[in-house]
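# Residue-level structural notes
Spelled out, the chains give:
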Amino acid sequence: MARHRLRFAPAGIPWASQATVRLPARATSPTRALGQRLLVALGLLLVIALLVWFDRDSYADNVNSDGVSFIDALYYATVTMTTTGYGDITPVTDHARLLNTIIVTPIRIAFLVLLVGTTVEVLANEGRRGLMDSQWRKTLRNHTVVIGYGTMGASAVATLQRNGVPAERIVVIDSSPQAVAAANRHGLAAFEGDATARELLHRAELAKAREVIITVNRDDTTILATLNVRQLNRTAHLVAAVRNAQNVALVRQSGADQVVTSSDSVGRVVGLSSMSPHLGTVIEDLLTIGEGLEVGQRLVTHEEDGKDASELEGERVIAVIRNKTLRRFYEGSAGTLHTGDEVVVVRRATQKPQQRRPE
């Protein structure tokens, strides 16, 4: 059965856990953690038993008076560590009592802290995580689910945040613990597991998502994930990336609203760069976040109502979205702007996040 774990982002986000930095490593399961502590406890028990056995002449069996065997030493270690202390076997020499004071007693305290304290801690943490998970899922809606947090997925998330999508509205799904840890460090909630598993998609509240982005490494996984997403949510805007252009039509038939061919996109940039280094530089500049030029989409303000697209200062309008229809800058109806329109513009990149597209 697939293992799914929700990892919360660092402190500073309202629903985040107050945890320190998580390194890119698989978290230890509660069962394994308890097992490790049990082994340590058994090791401490053996230390006391051997200590008594090698110094058995310093102990007295007050019941049978037949000396202390290894079984007696193990029994003494058990009742001592558990603070039962029946008193039938006792240290009688001064040095044995001193060893009990400086060695056995600290071990007994360490045993109690280790086995009892950490057991309670593990169970309490799991309960707290379960409660946080439940509360987080109840408040999650109109969010963006990013399936695959590799280079493309991380770049897509950075672009979303650049355009005003808050980190608490983004959920990452990836099968790699390193990718999940990277998402955590970037302030995102993330699930570790198979993105094609419907149970995991349910836990990411995909049915209530506004947007879904699929950027996994295999086209067959992209197709299966797209089918599952569309079965759970028929209205979310779904964008998928494929490596092979031959799979574009199949991914569209599976339910994707938009399909991006990563290899073809890179190939076009390389081709343009070979034709003209300056042209390639401009295209790469438009695709780079936070410097030079950038492409953005925003709402038309009340002050811009009735203006011609060419009159906007500091921006060049390349398309207008009106009534959910895209009109390019050379189409006559795109010239005059109206409240409620959205414009796709080329502008100078700034460090300030842009206005988010309307819900």
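Attention here is on the structure that accompanies the text.

## As for the overall build of the chain
Helices and strands together make up the secondary structure of the chain, namely 10 helices and 13 strands. Looking at the chain as a whole, 41% of its 359 residues qualify as buried. In the chain, the share of contacts with a sequence separation of at least 24, taken over all contacts with a separation of at least 6, comes to 67%. Accessible area of the chain: about 19800 Å², with a carbon and sulfur share of 57%.

## Thoughts on the sheet that holds strand S13 (residues 342–348)
Strand order in the open sheet made by the 4 strands is S10-S13-S11-S12, with antiparallel pairing throughout. A single partner strand is all that each edge strand has here, and the edge strands are strand S10 (293–299) and strand S12 (325–328). This sheet shows a mean twist of 25 degrees between the axes of neighbouring strands, independent of strand direction. As paired strands, S10 and S13 are joined by 7 bridges and run antiparallel to one another. If you follow Gly296 over to S13, its bridge partner there is Val345.

## Details of the pairing of S13
A large share of S13 lies buried, amounting to 6 of its 7 residues. Here strand S11 (residues 315–322) runs beside S13; their pairing, made up of 6 bridges, is antiparallel. Each bridged residue has a counterpart across the sheet, and for Glu315 the counterpart in S13 is Arg347.

Calculation notes
- Residues numbered from 1 in each chain as written.
- Predicted model: local features only at pLDDT ≥ 70, side-chain atom pairs only at ≥ 80, totals over all residues.
- Heavy atoms only, no water.
- Helix = DSSP H or I, 4+ residues; strand = E, 2+ residues; numbered from the N terminus.
- Buried < 20%, exposed > 50% of the residue type's maximum accessible area, 1.4 Å probe, protein only.
- Contact = heavy atoms within 4.5 Å.
- Areas by Shrake-Rupley, 256 points an atom, 1.4 Å probe, with all protein chains shown as cover.
- Pairing = 2+ DSSP bridges.
- Axes fitted to C-alpha atoms, helices over the stretch in contact; angles between N-to-C directions.

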